[in-house]
Amino acid sequence: MEGAQVIVLVTPVFFALIALEYWIGRRRGRNTYRLNDALSSISLGILSQIVGALTKLFTLGIYVWVYEHAALFSLSEKSLWVWGLGLLLYDFLYYWHHRLGHTTALFWAAHSVHHQSEDYNLSTALRQTSSGWMAGWIFYLPMAVIGFPPLVFVVVALIDLLYQYWVHTQQIGRLGWFDRWFCAPSNHRVHHAVNEIYLDRNYGGILIVWDRMFGSFQPELDEEPCVYGVRDALHSWNPWTANTIVYRALWRKMGRVEGLVNKLRVWWEPAHWMPGQVANLKDYDPRAQRKYDPPAASRRLWVAVALFLLALNATTAYLWFAHLLAWPQLLLAGLAILGLLIAVSSYSSNSN
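Analysis parameters
Residues numbered from 1 in each chain as written. Predicted model: local features only at pLDDT ≥ 70, side-chain atom pairs only at ≥ 80, totals over all residues. Heavy atoms only, no water. Helix = DSSP H or I, 4+ residues; strand = E, 2+ residues; numbered from the N terminus. Buried < 20%, exposed > 50% of the residue type's maximum accessible area, 1.4 Å probe, protein only. Contact = heavy atoms within 4.5 Å. Areas by Shrake-Rupley, 256 points an atom, 1.4 Å probe, with all protein chains shown as cover. Core = buried A, V, L, I, M, F, W, Y, C linked by side-chain atoms within 4.5 Å. Phe/Tyr/Trp six-rings, centres within 6.5 Å; stacked < 30°, edge-to-face > 60°. Lys NZ or Arg CZ within 6 Å of the ring centre and 35° of its normal. Expected span 1.5 Å × (residues − 1). Axes fitted to C-alpha atoms, helices over the stretch in contact; angles between N-to-C directions. Parallel < 35°, antiparallel > 145°, perpendicular 65-115°, else oblique. Nonpolar A, V, L, I, M, F, W, Y, C, P; charged D, E, K, R; others polar. Left-handed = near helix turned anticlockwise from the far one by under 90°. Disulfide = S-S within 2.5 Å. Patch = residues over 30% accessible without salt bridge, like charges linked within 9 Å, V, L, I, M, F, W, Y side chains within 5 Å. Salt bridge = Lys/Arg side-chain N within 4 Å of Asp/Glu carboxyl O.

J.: Is there a simple way to explain the overall build of the chain in this structure?
T.: The helix and strand tally for the chain stands at 14 helices and zero strands. For the chain, the N- to C-terminal ordering of α and β elements is α-α-α-α-α-α-α-α-α-α-α-α-α-α. C-alpha atoms of the chain, sized along the principal axes, occupy 60 × 50 × 50 Å. The 352 residues of the chain split such that 49% are buried. Considering only contacts within the chain whose residues lie at least 6 apart along the sequence, 76% involve residues at least 24 apart. A total of about 17,400 Å² of accessible surface is found on the chain, and carbon and sulfur atoms cover 67% of it.

J.: Got a minute to help me understand the nonpolar core in this structure?
T.: The tendency in soluble globular proteins is for nonpolar side chains to be buried as a group. If you look at the biggest cluster of nonpolar residues, it comprises 31 residues, and the most contacted ones within it are Ile18, Ile46, Tyr165, Phe308, Tyr318 and Ile337. Of all the elements in the fold, those that place two or more residues in this core are helix H1 (3-28), helix H2 (35-70), helix H5 (122-125), helix H13 (298-321) and helix H14 (327-347). Per-element tally for this core: the top contributor is H2, with nine residues. Excluding its chain neighbours within four sequence positions, the residues that come into contact with Ile46 are Phe308, Leu312, Thr315, Ile337 and Leu341. Membership of the second largest hydrophobic core comes to 21 residues, among which are Leu89, Phe139, Met143 and Ala144.

J.: Teacher, can you tell me more about the packing of aromatic side chains here?
T.: In this description, an aromatic ring pair is defined by two values, namely the gap between the centres and the angle between the planes. Enumeration over the complete set of coordinates arrives at 21 aromatic pairs. Ring plane angle 55° and centroid distance 4.9 Å describe the contact between Trp237 and Tyr292, whose orientation is recorded as tilted. Linking Trp237 in the loop between helix H10 (209-213) and helix H11 (239-256) with Tyr292 in the loop between helix H12 (260-268) and H13, this pair joins segments that are 55 residues apart in sequence. With respect to burial, Trp237 and Tyr292 carry one shared label: buried. In textbook terms, an aromatic cluster arises when at least three aromatic residues are bridged by ring pairs, as seen for Phe92, Tyr95, Trp96, Tyr203, Trp210 and Phe214. Positioned over the ring face of Phe217 is Arg212, at 4.0 Å from the centre of the ring.

J.: Explain helix H3 (residues 80-103) here, please?
T.: An α-helical turn contains 3.6 residues, so a residue and the one three or four places further along point in the same direction. For H3, spanning 24 residues, the distance from its first C-alpha to its last is 35 Å, which sits close to the expected 34 Å at 1.5 Å a residue. Looking at H3, one finds that the buried residues are Val82, Gly86, Leu89, Tyr90, Asp91, Leu93, Tyr94, Tyr95, His98, Leu100, Gly101 and His102. Those residues of H3 that are buried lie in contact with helix H4 (105-115), helix H6 (141-146), helix H7 (150-163), helix H9 (185-192), H10 and H12.

J.: Mind showing me how you'd approach the packing of H4 against H12 here?
T.: For any two helices packed against each other, one specifies the crossing angle of their axes together with the interaxial distance. Direction vectors running N to C along H4 and H12 enclose 40°, while the axes themselves pass 5 Å from each other. Judged by the inter-axis angle, H4 sits oblique to H12. Of H12, the residues touching H4 (which contributes Ala105, Leu106 and Phe107) are Val266, Trp267 and Trp268. Its residues placed into classes, the contact of H4 with H12 shows six nonpolar, no polar and no charged.

J.: For this particular structure, what's the right way to read the packing of H1 against H13?
T.: Two numbers describe how H1 lies on H13: the axes approach to 7 Å, and their chain directions differ by 145°. Viewed along their axes, H1 and H13 form a crossing whose handedness is left-handed. Counting all contacts with H1, which are made through Ala4, Gln5, Val8, Leu9 and Phe15, the residues of H13 involved are Phe308, Leu312, Thr316, Leu319 and Trp320. In terms of residue class, the contact of H1 with H13 is built from eight nonpolar, two polar and no charged.

J.: Sorry if this is basic, but what is going on with the state of the cysteines here?
T.: Throughout this description, disulfide means a covalent bond between two cysteine sulfur atoms. Evaluated as defined, the whole model comprises zero disulfides. Left without a disulfide partner, Cys183 is nearest to the cysteine sulfur of Cys226, which lies 13 Å away. The class of Cys183 is buried, set by a relative accessible area of 1%. Among the residues examined, Cys226 registers a relative accessible area of 15% and is labelled buried.

J.: Help me understand H14, please; the structure alone is not making it clear to me.
T.: Across its 21 residues, H14 extends 30 Å between first and last C-alpha, which sits within 8% of the 30 Å expected from 1.5 Å per residue. Looking at the buried side of H14, the elements it contacts are H2, H11 and H13.

J.: Could you clarify how one ought to interpret a nonpolar patch on the surface in this entry?
T.: Residues Leu9, Trp320, Phe321, Leu324 and Leu325 make up a contiguous nonpolar surface patch of about 470 Å² in total accessible area. Here Phe321 shows up in helix H13.

J.: Before we go on, may I ask you to explain the pattern of salt bridges in this structure?
T.: Pairing is possible between side chains of opposite charge, provided their charged atoms come close. Counted under the stated rule, the structure contains nine salt bridges. The closest approach of N and O atoms between Asp222 and Arg174, which form a salt bridge, is 3.1 Å. Of this pair, Asp222 sits in the loop between H10 and H11 while Arg174 sits in the loop between H7 and helix H8 (177-181), placing them 48 residues apart in sequence. Accessibility expressed as a relative area gives 63% for Asp222, which makes it exposed. Among the charged side chains, a network of salt bridges with common partners joins Arg34, Asp37, Asp119, Lys291 and Asp293.

Taken by themselves, the reported measurements are silent on function.
See below:
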């Protein structure tokens, strides 16, 4: 079964858990959902899956080529220890991919999409980038060189991704010993927070021990409630804007700085780096942050929901039959769904 088809099959579970989290939040008087933000986050997840179907031959193809031409060992996918070790190694490599996704501008330009939501709930977990395919594959080539078969790589990557869904919630508190070893909701809330003490911490995918080993762990503190989002707030529901805003800012910065080396450093240094300057972000006050929440007439929201459901159903068919379609067909269908998602964002407020 194709990975895209697995995502289709688990999508009803995603939405059932979102409904459960919403119900629990309402019962507790701590609802964490806004319709406009949730539609934006899930729309970005839809777009990410569409782009993934278009780029799979590129990203997986590189892994397969390296595996076939440079593998040091012939590991068998029939051995259980290969799967266990493969998942452990993938999670370790994911930690470094994720860490550079916050500390290096090129990777932050892709990963920032996941952090743009100013809410924190299970819909935030579905908010994924559409540009990570361009360079993210680099981090996992050691698995191909060691000799982990492509099937093992694909499956453990999917396991690691699916595990991370449930940690995007404010309705589950601390979990004692589990928090010390695994990425859990409390640990991951810290990761999504913009508070100074929490900034760029807790990168682990399944295991949080990597953060403890490499000095990036920070526990959630009762006296410091998490504030979510990014410091350079997006202020848009548009999925195209969400995916391109940081790239465009870096491109403009590259045009301003002098010297070829500095122009290249724009992409390697942290996103706020400027030559000869020290970025001072400590004056940022998360409590002064106001959520982007433009008004929308109820009739516009009904249209947005209708268009979203149309896009969701179209994407379900797209992912299920993607392996049967030629690349031009995938591209045209993907562009049509992108148009629907942009329309959803437009009807999510009165001003867009």
